[in-house]
Amino acid sequence: MLKYLKIMKKEEKLKKKSLNYHKKPKPGKIEINCKKKIRNIKDLSYAYSPGVAYVCKEIHKNKKKSYDYTSKGNLVAVITNGTAVLGLGNIGAEASKPVMEGKSALFKKFAGIDSIDIEIKENNTKKIIDIIRSLEPSFGGINLEDIKSPECFIIEKKCKKKMSIPVFHDDQHGTAVVVLAALTNSLKIVKKKINKIKTIVMGAGAAALSCLKLLIKKGLNKKNIYVFDINGLIHKKRKDLNVYNKKYSRNNKKSLIKTFKNCDFFLGLSSGNIIKPEMIKKMNKKPIIFALANPNPEIMPEKIKKVRKDAIIATGRSDYKNQVNNLLCFPYIFRASLDLRMKISEKMKIIASKYISKLSRKDGLKKSRIIPNIFDKRLISYIPYKIVKYFNKKKSLKINMKKYKLFLKSVTDND
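A few points on the structure.

Here is what the cut-offs are and how they apply
Residues numbered from 1 in each chain as written. Predicted model: local features only at pLDDT ≥ 70, side-chain atom pairs only at ≥ 80, totals over all residues. Heavy atoms only, no water. 1 Å grid on protein atoms, 1.4 Å probe; cavity = no way out; pocket = protein on both sides within 12 Å on 5 of 7 lines; lining within 4 Å. Points joined across faces, edges and corners; volume = space filled by probe spheres on them. Helix = DSSP H or I, 4+ residues; strand = E, 2+ residues; numbered from the N terminus. Nonpolar A, V, L, I, M, F, W, Y, C, P; charged D, E, K, R; others polar. Axes fitted to C-alpha atoms, helices over the stretch in contact; angles between N-to-C directions. Parallel < 35°, antiparallel > 145°, perpendicular 65-115°, else oblique. Left-handed = near helix turned anticlockwise from the far one by under 90°. Contact = heavy atoms within 4.5 Å. Pairing = 2+ DSSP bridges. Phe/Tyr/Trp six-rings, centres within 6.5 Å; stacked < 30°, edge-to-face > 60°. Lys NZ or Arg CZ within 6 Å of the ring centre and 35° of its normal.

Digging into empty space enclosed by the protein
Item 1. This structure, assessed with the given rule, holds 1 cavity of 30 Å³ or more.
Item 2. Around the largest cavity, the lining residues are H173, A176, S210, K213, L214, E346 and K349.
Item 3. Of all elements in the fold, only α8 (170-190), α9 (206-217) and α14 (346-362) reach the threshold of two or more residues within the lining of the largest cavity.
Item 4. The dominant element in the lining of the largest cavity, judged by the number of residues it contributes, is α9, at 3 residues.
Item 5. In the lining of the largest cavity, the residues fall into 2 nonpolar, 2 polar and 3 charged.

Details of the layout of surface pockets
Item 1. Roughly 470 Å³ of internal volume is contained in the second largest pocket.
Item 2. Looking at the second largest pocket, it is lined by 18 residues, and the ones nearest its centre are F153, Q172, K213, Y244 and K247.
Item 3. Every element with two or more residues in the lining of the second largest pocket is listed here: α7 (151-162), α8, α9 and α14.
Item 4. The element that contributes the greatest number of residues to the lining of the second largest pocket is α7, accounting for 6 residues.
Item 5. In terms of residue class, the lining of the second largest pocket is made up of 6 nonpolar, 4 polar and 8 charged.

Section: the environment of K237
Item 1. Take K237: it is sitting in the loop between β7 (232-233) and α10 (256-259).
Item 2. Sequence spacing of K237 and T80 is 157 residues, and the spatial spacing of their C-alpha atoms is 34 Å.

Re the packing of α14 against helix α15 (residues 378-394)
Item 1. Put simply, α14 and α15 touch, their axes get as near as 9 Å, and they point 140 degrees apart. The angle between α14 and α15 places the two elements in the oblique class. α14 and α15 meet at a crossing whose hand is right-handed. Where α14 approaches α15, its residues K347, M348, I351, A352, Y355, I356, K358, L359 and K362 are matched on the opposing element by R378, L379, Y382, I383, K386, I387, Y390 and F391.
Item 2. A per-class count over the contact of α14 with α15 returns 12 nonpolar, no polar and 5 charged.

Points about the sheet that holds strand β8 (residues 265-268)
Item 1. Pairing within the open sheet is mixed, and its 6 strands lie in the order β7-β6-β5-β8-β9-β10. Each having just a single partner strand, β7 and β10 (312-315) make up the two edges of the open sheet.
Item 2. Direction of pairing for β8 relative to strand β9 (residues 288-291): parallel, over a ladder of 4 bridges. Along β9, the bridge assignment pairs F265 with I288.
Item 3. In the packing of α8 onto the sheet, contacts are made with β8, β9 and β10, and the angle to β9 comes to roughly 155 degrees.

Considering the sheet that holds strand β1 (residues 75-80)
Item 1. In space, the 4 strands of this open sheet follow the order β2-β1-β3-β4, with parallel pairing throughout. One side of each edge strand has no neighbouring strand; the edge strands of this open sheet are β2 (114-119) and β4 (167-169). Averaged over all pairs of adjacent strands, the angle between strand axes in this sheet comes to 20 degrees, irrespective of strand direction.
Item 2. On the sheet, helix α13 (residues 330-340) packs against β1, β3 (141-144) and β4 and is oriented at approximately 160 degrees with respect to β3.

Points about the environment of I399
Item 1. Within the fold, I399 resides in the loop between α15 and α16 (401-410).
Item 2. I399 has contacts with L340, V388, N392 and Y404, leaving out every residue within four places of it along the chain.

Focus on the packing of aromatic side chains
Item 1. Taken as a whole and assessed by the stated rule, the structure comprises 10 aromatic pairs.
Item 2. Lying over the aromatic face of Y248, K222 brings its terminal NZ or CZ to 5.4 Å of the ring centre.

Points about unusual backbone geometry
Item 1. Here K24 and P25 are connected by a cis peptide whose omega angle stands at -5 degrees.
Item 2. Residue position: P25 is located in the loop between α1 (2-23) and α2 (41-47).
Item 3. Omega for the bond connecting S149 with P150 falls within 30 degrees of zero, at 5 degrees, which places this linkage in the cis form.
Item 4. Among the structural elements, P150 can be located in the loop between β3 and α7.
Item 5. One non-glycine residue with positive phi stands out, namely K286, at about 50 degrees.
Item 6. Structurally, K286 can be placed in the loop between α11 (277-281) and β9.
Item 7. Not every positive phi belongs to a glycine, and S396 is a case in point at roughly 50 degrees.
Item 8. Relative to the assigned elements, S396 resides in the loop between α15 and α16.

Below is the structure:
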């Protein structure tokens, strides 16, 4: 009872401080500032009428000139309809705005990217696609956020196909990139091979399915994967599956606790406190446990440590070691994509994952440090640089990499 009261007191304190943080001294987390000074009539004649007309005519002749004369090349829209917000679910567009403002603030803080949040009050998939496509002239990239599955898969696929700018659903791909980096390093520590490990995935939404897709591409054996959702194991006799999760259906139904026997890797992307210590006990030696549900993991690290001293543990929380956070990749992938003026590709994601894991290894791997800290200042000059360097060479783009490295050092807010 005393422990419960302490937790409640801590939550109440966090709530109060968070509300105050968002409200004062001015509401919200982002604002718009001018890049150019408008001090007098002369400046005004350049910034607006009549001088701006010459710029409009240049862009009218060649749309690509918008990258030279406007903010488009460094501007990303963070777009949601609020149907799958954090661990809060379908809370609607208005209630999702604090999260989207936060995402915009992170783009600026960690990669020097200007960003505007757009909350769409619409649940019709076709209409959402049409709305996003209509915004293409304004932005250099689109970050889709907190849209429920399977709609998010359809929206991203159609927008990527029909738009010329980068479109990236971070809940899917950002999570996958960081999970792959963390698993790569964990396997090095426990000396296991990715194609040999038995895997349980708890959750079958956008993040989980995208993680599986990337992990399989890097060698995870589909035969050794068991996917569970709220209705149990994904198996062939179930009638509630869709085209996305059906790919991972097993031939026979099996209970969760039995599946844990001899499991090497647990990946949780579902909801809090649904895994019991007795399940963890059944896992193989040196298990890898990524309990990534937020705000509460599928099982708390303290409970894991009581039954398995040999486990490598990661969560999605900042108050524990090994935080698997999309922030380790999405600002840097977008930075590279905007600078290359290219769509975000599978190759970009794999390069990002590779160098996130390599950055950890530079400092020496250990169970409590399988991925970099999100405030590691090397990330901005390392991850985008490696992506741009690869495509610069592959496509003969003639980008001066020394100047690009200096640019990366200059773009972030270092306060």
